[in-house]
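So the chains spell out like this:
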Amino acid sequence: MATPVLPRSVQRLIDEFARLPGIGPKSASRLTFYLLRATDNQALDLSVALQELKERTRLCSVCFNITEDDPCPICEDEARDAHLVCVVEEPLDVLAIERSRAYGGRYHVLHGAISPVEGIGPEDLRVTELVQRVAQGQFTEIILATNPTLEGESTALYLQRRLAEYGVRMTRLARGLPVGGDLEYTDEITLGRALEGRQEV
Ligand code: ZN
C-alpha cells in the first residue's frame with residue numbers, strides 16, 4: 001500500500017468537495033489548499049455557513065419553497081395575488097421567476113419532475129399537496145411552469161389531467177424557452193416574456 005501523501009484532514013475536505021456537482025478532483029484540491037492558506041476567519045465562516053444552511057432552513061409548509069420562516073415570505077406577502085399559483089420543479093426556479101419581475105402570485109414547488117427512467121413518479125413529488133391547495137378553491141389560474149424538457153412536459157401533462165376536475169384555468173409558459181433547458185438558466189427577459197405570453201392548456 002502506498003503511503004498517504006496528504007494528512008487525513010486535508011484529504012477528507014478534498015473528498016467532500018469532490019462529491020459536489022461540477023467539482024472535479026483538481027478543483028477539489030485547489031479549493032482545499034486555498035482554504036489551508038486562507039485566514040482562520042474565512043475557513044471558519046465557511047463552516048458556520050454550511051452548518052446554518054442545514055440547521056436554519058426548512059420547506060415552507062404551504063408552497064414547499066426553501067425558507068427560514070414558515071410560512072415563507074412569499075406565502076405571507078399580502079400584496080401578492082393569492083388567486084395565482086405558479087407550479088415549478090425546484091426552488092431555484094422560484095428564484096429565476098422572481099428575478100424576471102413578471103410575476104406577482106404564489107408558488108408551488110414540486111421538488112422534481114416525473115421521470116419513469118429515473119423511477120420518479122408523482123408520489124415522489126409534492127403533487128398531493130398541490131391538489132389539496134387547488135381543491136381549497138382559492139386559485140383562478142394555475143401556471144404549469146415546469147421545465148421545457150421531456151420530464152417537465154410529462155409532469156405538466158400529468159398535472160393537467162389530475163387537476164382538470166377543479167375547473168381552474170391552466171396555462172403553460174410560452175414557447176421560446178430553449179427546449180431541453182432549465183428555467184434556472186434562462187435569462188430574466190426571456191423568462192419574463194414566456195410568463196407574459198403564457199397559453200391556455
Ligand atoms: Zn411558501
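Residues numbered from 1 in each chain as written. Predicted model: local features only at pLDDT ≥ 70, side-chain atom pairs only at ≥ 80, totals over all residues. Heavy atoms only, no water.

Considerations on the pairing of strand S6 (residues 169-172)
- Here four bridges tie strand S5 (residues 141-144) to S6, and the two strands are oriented parallel to one another. Paired with glutamate 141 across the strands is arginine 169, a residue of S6.
- In this fold, the crossover linking S5 to S6 by way of helix H7 (residues 150-163) has right-handed handedness.
- Bridging between S6 and strand S7 (residues 199-200) involves two bridges; their strand directions are antiparallel. In the strand pairing of S7, arginine 172 is matched with glutamine 199. (Pairing = 2+ DSSP bridges. Helix = DSSP H or I, 4+ residues; strand = E, 2+ residues; numbered from the N terminus. Right-handed = clockwise from strand over helix to strand, strands pointing away.)

What to know about the layout of surface pockets
- Quantified by volume, the largest pocket comes out at close to 510 Å³.
- Along the wall of the largest pocket there are 16 residues; nearest its centre are Leu13, Glu16, Phe17, Leu46 and Leu50.
- When residues of the lining of the largest pocket are traced back to their parent elements, those giving at least two are helix H1 (8-18), helix H2 (25-37) and helix H3 (40-56).
- Tallied by class, residues from the lining of the largest pocket come to 10 nonpolar, three polar and three charged.
- In this structure, the second largest pocket encloses a volume near 230 Å³.
- In terms of lining residues, the second largest pocket is bounded by Leu53, Lys54, Thr57, Arg58, Leu59, Ile66, Glu90, Pro91 and His111.
- Mapped by element, the contributors of at least two residues to the lining of the second largest pocket are H3 and strand S1 (58-59). (1 Å grid on protein atoms, 1.4 Å probe; cavity = no way out; pocket = protein on both sides within 12 Å on 5 of 7 lines; lining within 4 Å. Points joined across faces, edges and corners; volume = space filled by probe spheres on them. Nonpolar A, V, L, I, M, F, W, Y, C, P; charged D, E, K, R; others polar.)

Structural notes on the sheet that holds S6
- Overall, mixed pairing links the five strands, which are arranged S4-S3-S5-S6-S7 in an open sheet. Looking along the sheet, the strands with just one partner apiece sit at the ends: strand S4 (105-109) and S7.
- In this sheet, S5 lies alongside strand S3 (residues 81-88) in parallel orientation, the contact comprising four bridges. Bridged to valine 85 within S5 is isoleucine 142.
- Across the face of the sheet, helix H5 (residues 91-100) comes into contact with S3 and S4 while running at roughly 155° to S4.
- Most of the contacts of H7 go to S6, to which it runs at about 175°, and overall it touches S3, S5 and S6. (Contact = heavy atoms within 4.5 Å. Axes fitted to C-alpha atoms, helices over the stretch in contact; angles between N-to-C directions.)

What to know about the coordination of the zinc ion
- Around the zinc ion, the protein supplies Cys60 (SG), Cys63 (SG), Cys72 (SG) and Cys75 (SG) as donor atoms, at distances of 2.3 Å.
- Bound by four donor atoms, the zinc ion shows angles of 104 to 116° at the metal and therefore tetrahedral coordination geometry.
- When the donors of the zinc ion are listed by position in the chain, the intervening gaps give C-x2-C-x8-C-x2-C. In this pair, cysteine 63 is assigned in the loop between S1 and strand S2 (66-67) and cysteine 75 in helix H4 (residues 73-76), connecting sequence segments 12 residues apart. Per residue, the accessibility class of cysteine 63 equals that of cysteine 75, and both read buried. (Donors = N, O, S within 2.8 Å, 3.2 Å for Na, K, Ca; no water. Tetrahedral: all angles 85-135°; square planar, octahedral: opposite > 155°, others 65-115°. Buried < 20%, exposed > 50% of the residue type's maximum accessible area, 1.4 Å probe, protein only.)

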